[in-house]
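# Architecture at a glance
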Amino acid sequence: MSAARLRSVAMYALAALILCYMLAPLLLVFPMSLTSGNTLQFPVRGYSLRWYEELIADGRWLAALKVSMIVGALSTLLALTLGIPAAIALAWGRFPGKRIVSAILAAPIVTPIVIVGVAAYFFFSRIGLVGDRVSIALIHAAIALPVVVSTVAASLTTFDRNLLRASASLGAGTLRGFFEILLPLIAPGVAAGAIIAFIISFDEVVVASFLSVGADRTLPRMIFSGVRESVSPAVAAVSVVLMTFSALLLALLGWLQSRGRRRGR
Amino acid sequence: MTPAVGVSGRRGERLLALLVLPALVFVLAVFVVPVARFLSLAVDNAELGLGLSRTVAALDAEPPAEGEVPGEAAFAALVADLAAARTAQQDALIAQALNQRMVGTRFLVIKTARDAARGEFAAPFKPAVLAAHPDWADPEIWRTIAANGGRLTDYHLLAALDLRRDAAGDIAQAPPEATLFRQLLGRTVWISVVVTAACALLALPLASAITAAPPGWSRVLFALVLFPLWSSLLVRTVIWIIVLQRNGPVNAALVATGLTDAPMTLIYTRFSLYLAMIQVLLPLMVLSVVSVMRRVPPSYMKAALSLGAPWFTAWRTVQLPLILPGLMAGSAIVFVFAIGYYVTPLLVGGPGDQMISSMIAFYTNRTLNWGLAAALSVQVLALLAAMTLTGLALRALARRSVPA
């Protein structure tokens, strides 16, 4: 074997090993969550769907899922309504202080999440909104906003603005131009932004921990409060469900992007 | 909603700017202002500066001699201050703030405030107060109150660096048994550095494989590397607990291969913290290294090798400088995220592996010490700001030295 071939084999072997380290833990949880026993252990003694049935039977998990869905939907909607116009302004507009505005919009995502959570707790406790799911959605929207702005702005750079001028010259109003010309053409970028925004909210645990009490617990909050003592098979089952859900959303995102690329050609 | 989308020209571009306003106002309202308000608590001295304002003023007007208790005016002011605070339900906050500066004064303040509000003290106040609560005869309390007047304080910021003001008002080291925060800061930075370095090292073979593989395989590899990025941080952390626990697969493998006789304690250690943090952050590093590596033609390395350079020399002198910007950008991202880590150290680290974020949460949730929580937050943000500025300066220098 030549030296170059040897190096190439070594590189792929090393990459495979590292990939194994990154993915094996995620994969090992699938069989472990199917245990029929009372605790998580490996090797698994007997397989059953017991803990998945438990998730559905125990109302708290479904209730938390509902809260997570509502918070995720609210924050995604808010991030889109604010983010799309902001992306248009940042992509096409020319105004003083543009870089500062971008920096301010990006601040929530680079600030350590605990500081965001504590500050939000301090703020909302003064106006009596702690424990309300709306307060969580507001902060999640602020964290997701920069991501929405950047994905939408990216799709705007390939958009031909002459289309809007043409529609205006044919008598279409600005709103009609926005909803019937611009929005359909940048839809893949908007959808990608929406999916990422939803994932950000759906997975976020720290802000949700500071702001949620009692009935308004999100799904990550439920997991978080349970695992500090011990990890039950139910938590492993929830983890599997969440991972599958993320994988599906990611596949959807990839499909949207490949569609967007084809259209761009 | 979009008044200027179809408008062209300079006026249109100005009008377009208005579209950013709702988002800007929103972020200012729910993020910038709350964070600024919270951070301002680091220097806020409302409890002592406002709550004991009359006492501080009296001590200012008639400073007691060194080692002496002040006169009637200060005691009268104290009674007035504490009675008002009790009525406004601020007495516990004053007691807490004074107790931070001088341990053991909490109940003295609360009891005195209770008596003052009931009107149990009559003029002359000095003998009345001293008779009921003789601890006020300690000149140190009065010195502490006098030293901590004013609307602003550097007490929390200094405390977050294991410093305090001594009797003369100079900045001094806190006693060794009370030092905690410099070690915490050092540990936070050290963990972040180790994680960043490990991510950089592990990202190199992964990114090389992704760039060198044929297109189809490259896409699959890339998707596999990025997949963990999209499954939740919490789930990935919980999974490490499951995998590393006593009855977990790693211990099962260790025992089965005979490497150990009995299951080892792998979880709740620095080792498990590193494993989990690196796994969580590695995709970000790979992402930025791949984006740079794809722009480096493979012919460069081939040329260097064909001219007889040993592989490592060729890699170090040809490949590395070209992918360095990607490594630096990736390191900056990983480091910034690592510094703020909270969930992972809390769940898979031991008590000695906690980072600054955990202490911020601790002071908020458990002891309601907002001042110290805010001071630690200021410390983290200052560290990140310093990092960013250094990075920008380095980039500017690099750009000047290599004319593109």
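Parameters at a glance
- Residues numbered from 1 in each chain as written.
- Chains lettered and ligands numbered in written order.
- Predicted model: local features only at pLDDT ≥ 70, side-chain atom pairs only at ≥ 80, totals over all residues.
- Heavy atoms only, no water.
- Helix = DSSP H or I, 4+ residues; strand = E, 2+ residues; numbered from the N terminus.
- Buried < 20%, exposed > 50% of the residue type's maximum accessible area, 1.4 Å probe, protein only.
- pLDDT = per-residue confidence, 0-100.
- Contact = heavy atoms within 4.5 Å.
- Buried area = accessible area lost by both parts, 1.4 Å probe.
- Salt bridge = Lys/Arg side-chain N within 4 Å of Asp/Glu carboxyl O.
- Polar contact = N/O pair within 3.5 Å; in protein donor to acceptor, adjacent residues only side chain to side chain.
- Core = buried A, V, L, I, M, F, W, Y, C linked by side-chain atoms within 4.5 Å.
- Axes fitted to C-alpha atoms, helices over the stretch in contact; angles between N-to-C directions.
- Parallel < 35°, antiparallel > 145°, perpendicular 65-115°, else oblique.
- Left-handed = near helix turned anticlockwise from the far one by under 90°.
- Nonpolar A, V, L, I, M, F, W, Y, C, P; charged D, E, K, R; others polar.
- UniProt positions renumbered as here; feature names shortened; annotations may be inferred.
- Disulfide = S-S within 2.5 Å.
- Expected span 1.5 Å × (residues − 1).
- Bend = angle between axes of the 7 residues up to and from the residue.
- Phe/Tyr/Trp six-rings, centres within 6.5 Å; stacked < 30°, edge-to-face > 60°.
- Lys NZ or Arg CZ within 6 Å of the ring centre and 35° of its normal.

Residue and element names in this part refer to chain B. Of the consecutive residues A123 and P124, the connecting peptide bond is found in the cis state with omega at -5 degrees. Here P124 lies in the loop between helix 7 (106–117) and helix 8 (125–132). Residue D162 is not a glycine yet carries a positive backbone phi of 60 degrees. On the secondary structure map, D162 appears in the loop between helix 10 (155–159) and strand 1 (163–165). Positive phi outside glycine occurs at Y268, with the angle close to 65 degrees. Along the chain, Y268 turns up in the loop between helix 14 (249–256) and helix 15 (270–293). Look at Y268 and you get partly exposed, because its relative accessible area is 38%.

Per-residue pLDDT for chain A averages 87, and the proportion of residues at 70 or more is 96%. The secondary structure element of chain A with the lowest average pLDDT is helix 12 (residues 233–264) of chain A, at 80, and the one with the highest is helix 3 (residues 59–92) of chain A, at 93.

In this complex, chain A contributes 81 residues to the contact, which on the side of chain B involves 84 residues. Summing the contributions of chain A and of chain B, the shared interface buries around 7,400 Å²; its carbon and sulfur component is 81%. Taken together, the links from chain A to chain B amount to zero salt bridges. The interface formed by chain A and chain B contains five residue pairs in polar contact (both at pLDDT 80 or more).

This next bit is on the nonpolar core. If you look at the biggest cluster of nonpolar residues, it comprises 188 residues, and the most contacted ones within it are L105 of chain A together with F38 of chain B. For L105 of chain A, the contacting residues outside a window of four places in its chain are A86, L90, L145 and P146 of chain A together with V20, A23, L24 and V27 of chain B.

Let us now look at the packing of helix 4 (residues 98–110) of chain A against helix 2 (residues 21–40) of chain B. Across the interface, helix 4 of chain A lies against helix 2 of chain B with an axial gap of 10 Å and an inter-helix angle of 45 degrees. Viewed along their axes, helix 4 of chain A and helix 2 of chain B adopt a mutual orientation that is oblique. Between helix 4 of chain A and helix 2 of chain B the crossing geometry is left-handed. In this structure, helix 4 of chain A contributes V101, I104, L105, A107 and P108 of chain A to the contact, and helix 2 of chain B contributes A23, L24, V27, L28, F31 and V32 of chain B. Its residues assigned to classes, the contact of helix 4 of chain A with helix 2 of chain B comprises 11 nonpolar, no polar and no charged.

With that settled, consider the environment of G150 of chain B. Residues and elements named next belong to chain B. Counting through the fold element by element, G150 comes out in the loop between helix 9 (139–147) and helix 10. Residues G150 and A131 lie 19 residues apart in sequence; the distance between their C-alpha atoms is 29 Å. Setting aside residues no more than four positions away along its own chain, G150 makes contact with N45 and G49.

A separate point is the pattern of salt bridges. Residues and elements named next belong to chain B. Applying the stated criterion across every chain, the model contains 11 salt bridges over all chains. D91 is the salt-bridge partner of R86, the closest N and O atoms lying 3.1 Å from each other. For R86, a relative accessible area of 35% translates into the label partly exposed. In this structure D91 comes out as buried when scored by relative accessible area, which is 8%.

With that settled, consider the UniProt feature "transmembrane region" (unreviewed entry) in chain A. In the numbering adopted here, UniProt assigns the feature "transmembrane region" (unreviewed entry) to residues 12–34, 69–93, 100–124, 136–157, 178–202 and 234–256 of chain A. With 92% helix and 0% strand, the stretch residues 100–124 of chain A has end C-alpha atoms that lie 26 Å from each other.

Counted under the stated rule, the structure contains zero disulfides over all chains. In this structure C20 of chain A is not part of a disulfide, and its nearest cysteine sulfur, from C199 of chain B, lies 17 Å away. Note on C20 of chain A: relative accessible area 44%, which makes it partly exposed.

Helix length check: helix 11 (residues 181–212) of chain B (32 residues) gives 46 Å between terminal C-alpha atoms against 46 Å at 1.5 Å per residue, within 8%. A203 of chain B marks where helix 11 of chain B bends most, by close to 30 degrees; the proline P205 of chain B follows one to four residues later.

Taken as a whole and assessed by the stated rule, the structure comprises 17 aromatic pairs over all chains. One aromatic cluster in this structure is built from Y121, F122 and F210 of chain A together with F38 and W370 of chain B. In this arrangement the basic side chain of R101 of chain B is found over the ring face of Y155 of chain B, its NZ or CZ atom lying 4.2 Å from the centre. Taking NZ or CZ as reference, R294 of chain B lies 5.3 Å from the ring centre of F222 of chain B, over its face.

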